[in-house]
Amino acid sequence: MRHTISVLVENKFGVLARISSLFSGRGYNIESLSVGETIDPKTSIMTIVTTGDDRIIEQITKQLNKLIDVIKVTDLTEVDHVEREMVLIKVAPKQDDKAEVLRLTEIFRGRVVDSSPKTYTVEITGDESKINAFVELMRPFGIKEFVRTGKIAIAREGFKK
Amino acid sequence: MKKTGAEIVIECLKREGVKHIFGYPGGVVLNIFDLLYDDKDLKLILTRHEQGAVHAADGYARATGKPGVVLVTSGPGATNTVTGLATANMDSIPVVVLSGQVPTKLIGNDAFQEADIVGITRPCTKHNYLVKDVADLARTIREAFYIATTGRPGPVLIDLPKDVTNDKTNFHWPEKVTLRGYNPKYEGNKWMIKQAAGLIQKAKRPVIIAGGGVISSNASKELRELAELTRIPVIMTLMGLGAFPGTHELSLGMPGMHGSYYANKAIQEADLLVSVGMRFDDRVTGRISDFAPHAKIVHIDIDPTSIRKNVRVDVPIVGDAKRVLRDLVQELKKSEKKQWEAVKKAWLKQLEKWKKEHPYSYEFDEEVIKPQYVVERLYDLTKGDAIISTEVGQNQMWAAQFFKFDKPRTFLTSGGLGTMGYGFPAAMGAQVAFPNKTVIDIAGDGSFQMNIQELATCVTYKLPVKVAILNNMYLGMVRQWQELFYGERYSYSYLDVVPDFVKVAEAYGAVGLRATKPSEVDDVIKEALKVKDKPVVMDFIVDWKEKVYPMVPAGAALDEMILGEEKKKKEKKLRAVK
């Protein structure tokens, strides 16, 4: 099963390497990983999306907790939480399709952040299903480039462990 | 007052109570070595290889319970510590390695003798540091010792760039260490301990399995109390040998691949395992799906990752072995004792029967020295009062089987990593800590050659380490597997040229002795034990055909043991057929 794990870490050099080498060294899978400073510049939060059965997920959370630089590990899958991801898609629609691309972008509450004679670059934010739906709709128009941030997630207030 | 980084290193080590450092000099640590030149309180043992230094520090730590300290230079000096660090990491041994590093402004430039040792040792240390500012130095060293020695102990490496040890700063030694990401849990959950006590009271066929954690947490007294109070027999993993007296009537010895018949049978028939400070290594469990099929499992360990990693656990207790065992004994003392004693009588009787049926055994020979005989004689002639280290392979298993360890911290062996070349420098480290004790490395001719250069160190510091080589001209355990599982194709396990170890010893200024017949074994050992001021190499030319039994083949269940006896009978039959 897929889990979204939020890891509060010391904002020191080498911490990302410790975490990624933990995953690679023990054969765990990382689907996505995103890192950024928190409000306190001494700490960062890593949001890791991983897959595994219950035993593996238990080991992953325990092994993460064991790292000295890890302050707190929360498996968000177990609590009510909000997930978001941002993607930038460069599409190259034919002249006739341009209006449709813009219309769909609006429906998905995306924004065109760059345009050229042949392409639009669309920024879109949302959870996984929304992003996947949008990507599928854009596919026929010709996606030239595609980049995603990886998931970030936060527990809903009142559900924090 | 301002101090240089090098002065801070020395000052911090002293404040941590360090008396001995094992090390090897080189370019970027010369400023630290310069301070050691006329220091009266800190003694550096100059080994002949950095790997020897780390194993020596590891042996020192295992024998004393105090952290072992290593000082090496950058690049190759640092990379040579990797095997030692991995060894200590797998066996949870507190070792602190200080490695030199090129100046911070050169890091990443492929400078002379530069290696990214923090990157290299990340997965084989408990934690590691690169100190980038002399202002962080004292705190980092304090943290390193704290991390190495608390919780589940382990090795910590501190990388010290040359400019950091040259720079000056105001010295401040923090009394207290606060790490918000590191808070080992020592006290076991009371409710869980009650559950464990409940299971112990109900069990009809219980066994305790004690591992190295019992030794790390100095919990032998508490373990013995538990065993004697409840009359539950005790199995010890390789790492746990000595945690409970091997001569005690409740001791079942070692389980696993080369464990005793009765320990393995006990696990497979048990209805309760009380596992303390052990981690269900594959060499202990055999085929995991058939491990202890009838047993409920209580697992006490300070490291939460050890629990439910390999086996299902019914009562997990995260905590320090000493405290949890103490609480468990207290809990059990509240309950009615007689009723469980009666229940267990039949179980103890059964175990007694198994012990009699298949003890560790070998056939004595008048002409050829059996390796097991050497270990037995070492035990008898030292009256068991010795610190024993081993190399890895057959020598290690025979030592574990035939030497009875009654006290913790008297058996030093690379259990997790299985490092050939560990035993001799580890013995040297133990001898540094206990100059007047008998310290013996039970070695093989292959393993001993992996760190043989440390003879020079032992001679230099007058360390009377005894090396008992069970010399069979083979990598014996490899040969055993090839014989049993690879159709007797002895691919590269025969050591064509084995040096004359007596001459080697003498060339180094040590004592060399040899026995080729069983009748000479006692004389050689007695002669060796007399030597108090230099190392002794005892070269025992042993039966090369001898194998370690019982054996649970890799991937088999614990009760699918090959017992030596059947094999021997089969061999005889085969011969008869031919």
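Just so it is clear, the model here is predicted, and its values are computed rather than measured. Residue positions within a chain follow its written sequence, with the count starting from 1. Key to labels: chains lettered from A, ligands numbered from 1, both in the order written. In keeping with the predicted nature of the model, local features appear solely for residues at pLDDT of at least 70, side-chain atom pairs appear and are counted solely at 80 or more, and the whole-chain, interface and lining totals rest on all residues. Note: side-chain values were computed over all heavy atoms of the structure, leaving out hydrogens and water.

A. Focus on the sheet that holds strand β3 (residues 43–46) of chain B. Residue and element names in this part refer to chain B. Within the open sheet, the six strands sit side by side as β3-β2-β4-β5-β7-β6. Their pairing is parallel. Looking at strand neighbours, the two that pair on one side only are β3 and β6 (127–130), the edges of this open sheet. In this sheet, neighbouring strand axes are inclined to one another by 20° on average, regardless of whether the strands run parallel or antiparallel. Pairing geometry for strand β2 (residues 20–23) and strand β4 (residues 68–72), over two bridges, is parallel. Within β4, the residue paired with Phe-22 across the bridge is Val-70. Any two strands with at least two DSSP bridges between them are considered paired. In this description a helix means any DSSP run of H or I spanning at least four residues, a strand means any run of E spanning at least two, and both kinds are numbered starting from the N terminus. Angles shown run from 0 to 180 degrees and are taken between the N-to-C directions of axes, each axis being a line fitted to C-alpha atoms and, for helices, limited to the stretch in contact.

B. Representation of the side chain of Asp-271 of chain B in the model. All names here are of chain B. Inspection of the secondary structure assignment puts Asp-271 in the loop between α12 (261–269) and β12 (272–276). Salt bridges are absent for the buried Asp-271, whose nearest opposite-charge side chain, Arg-205, sits at 4.6 Å. In this structure the side chain of Asp-271 is engaged in a polar contact, spanning 2.8 Å, whose partner is the backbone nitrogen of Lys-204. Those residues in contact with Asp-271, other than ones at most four positions away along the chain, are Ala-203, Lys-204, Arg-205, Pro-206, His-294, Ala-295 and Lys-296. Throughout, exposure labels follow a simple rule: accessible area from a 1.4 Å probe, protein chains only, divided by the maximum for the residue type, with under 20% read as buried, over 50% as exposed, and the rest as partly exposed. Neither His nor the chain termini are counted; the positive set is Lys and Arg, and the negative set is Asp and Glu. The term salt bridge refers to a side-chain nitrogen of Lys or Arg lying within 4 Å of a carboxyl oxygen of Asp or Glu. The term polar contact refers here to a pair of N or O atoms within 3.5 Å; inside protein, the definition further demands a hydrogen-donor-capable atom paired with an acceptor-capable atom, and it admits residues adjacent in sequence only when both atoms are side-chain atoms. Any pair of residues with heavy atoms lying within 4.5 Å of one another is described as a contacting pair.

C. Structural detail: the interface of chain B and chain A. At the interface, 18 residues of chain B touch 21 residues of chain A. The buried area of a pairing is the accessible area, by a 1.4 Å probe, that goes missing from both parts when the two are put together, added over both. Between chain B and chain A, the buried area comes to about 1700 Å², and carbon and sulfur atoms account for 50% of it. It is Arg-122, Arg-180 and Thr-305 of chain B that lose the most area in chain B upon contact with chain A, and together they represent 37% of the buried surface on that side. For the pair chain B and chain A, the number of links is three salt bridges. Between Asp-303 of chain B and Lys-66 of chain A there is a salt bridge, with its nearest N and O atoms 2.7 Å apart. Each residue is assigned to one of three groups, with Ala, Val, Leu, Ile, Met, Phe, Trp, Tyr, Cys and Pro labelled nonpolar, Asp, Glu, Lys and Arg labelled charged, and all others, Gly among them, labelled polar. Broken down by class, the residue content of the side of chain B that touches chain A amounts to six nonpolar, four polar and eight charged.

D. Main features of helix α22 (residues 501–508) of chain B. Residues and elements named next belong to chain B. Within α22 the residues assigned to the buried category are Phe-501, Val-502, Val-504 and Ala-505. In a view along the axis of α22, the buried residues occupy a sector of 160°, so they form one face of it. Seen from the buried face of α22, the exposed residues on the opposite side, beyond 90 degrees, are Lys-503 and Ala-507. Put simply, Asp-500 is the residue that caps the front of α22, since its side-chain oxygen is 3.0 Å from the backbone nitrogen of Val-502. Looking one or two residues beyond α22, the residue adopting positive phi is Gly-509, at roughly 90°. This arc corresponds to the set of directions leading from the helix axis out to the C-beta atoms.

E. Local environment of the environment of Val-478 of chain B. Residues and elements named next belong to chain B. Among the structural elements, Val-478 can be located in helix α21 (residues 476–485). A relative accessible area of 39% places Val-478 in the partly exposed class. With 458 residues separating them in the primary sequence, Val-478 and His-20 have C-alpha atoms 37 Å apart.

F. Molecular detail of the sheet that holds strand β4 (residues 70–75) of chain A. Residue and element names in this part refer to chain A. Reading across the sheet, the four strands line up as β2-β3-β1-β4 and stay open at both edges, with antiparallel pairing between neighbours. At either margin of the open sheet sits one strand with a lone partner, and together these are β2 (32–37) and β4. Here the average twist between neighbouring strands, direction ignored, is 15°. One ladder, built from nine bridges, connects strand β1 (residues 2–10) with strand β3 (residues 43–51); its direction is antiparallel. Paired with Arg-2 across the two strands is Thr-51, which belongs to β3. Sheet strands touched by helix α2 (residues 54–66): β1, β3 and β4. Its angle to β4, the strand with the most contacts, is close to 160°.

G. Layout of the nonpolar core. Residue and element names in this part refer to chain B. Only buried Ala, Val, Leu, Ile, Met, Phe, Trp, Tyr and Cys residues count toward a nonpolar core, and they belong to the same one when joined by side-chain atoms within 4.5 Å. Formed by 103 residues in total, the largest nonpolar core has its most connected members in Leu-273 and Phe-540. A total of six residues in this core trace back to one element, the largest contributor, which is helix α14 (residues 321–333). Ignoring sequence-local partners within four residues, the contact set of Phe-540 consists of Val-374, Ala-468, Ile-469, Leu-470, Asn-471, Ala-515, Val-521, Val-524 and Ile-525. In this structure, Ala-57, Val-97, Phe-424 and Ala-430 belong to the second largest nonpolar core, which totals 48 residues.

H. Just the pairing of strand β15 (residues 387–390) of chain B, in detail. Residues and elements named next belong to chain B. Residues of β15 alternate between two faces, with Ile-387 and Ser-389 on one and Ile-388 and Thr-390 on the opposite face, all of them buried. Bridge analysis of β15 against strand β17 (residues 439–444) gives four bridges, and the strand direction is parallel. Within β17, the position partnered with Ser-389 by the bridge is Asp-441. For β15 and strand β16 (residues 411–412), the ladder comprises two bridges, and the chain directions are parallel. Bridging across to β16, Ser-389 finds its partner in Leu-412. Whether a crossover is right-handed comes down to one check: with the strands pointing away from the viewer, does the path from the first strand over the helix to the second run clockwise; if it does, it is right-handed. With respect to chirality, the unit in which β15 leads through helix α17 (residues 394–402) into the neighbouring parallel β16 is right-handed.

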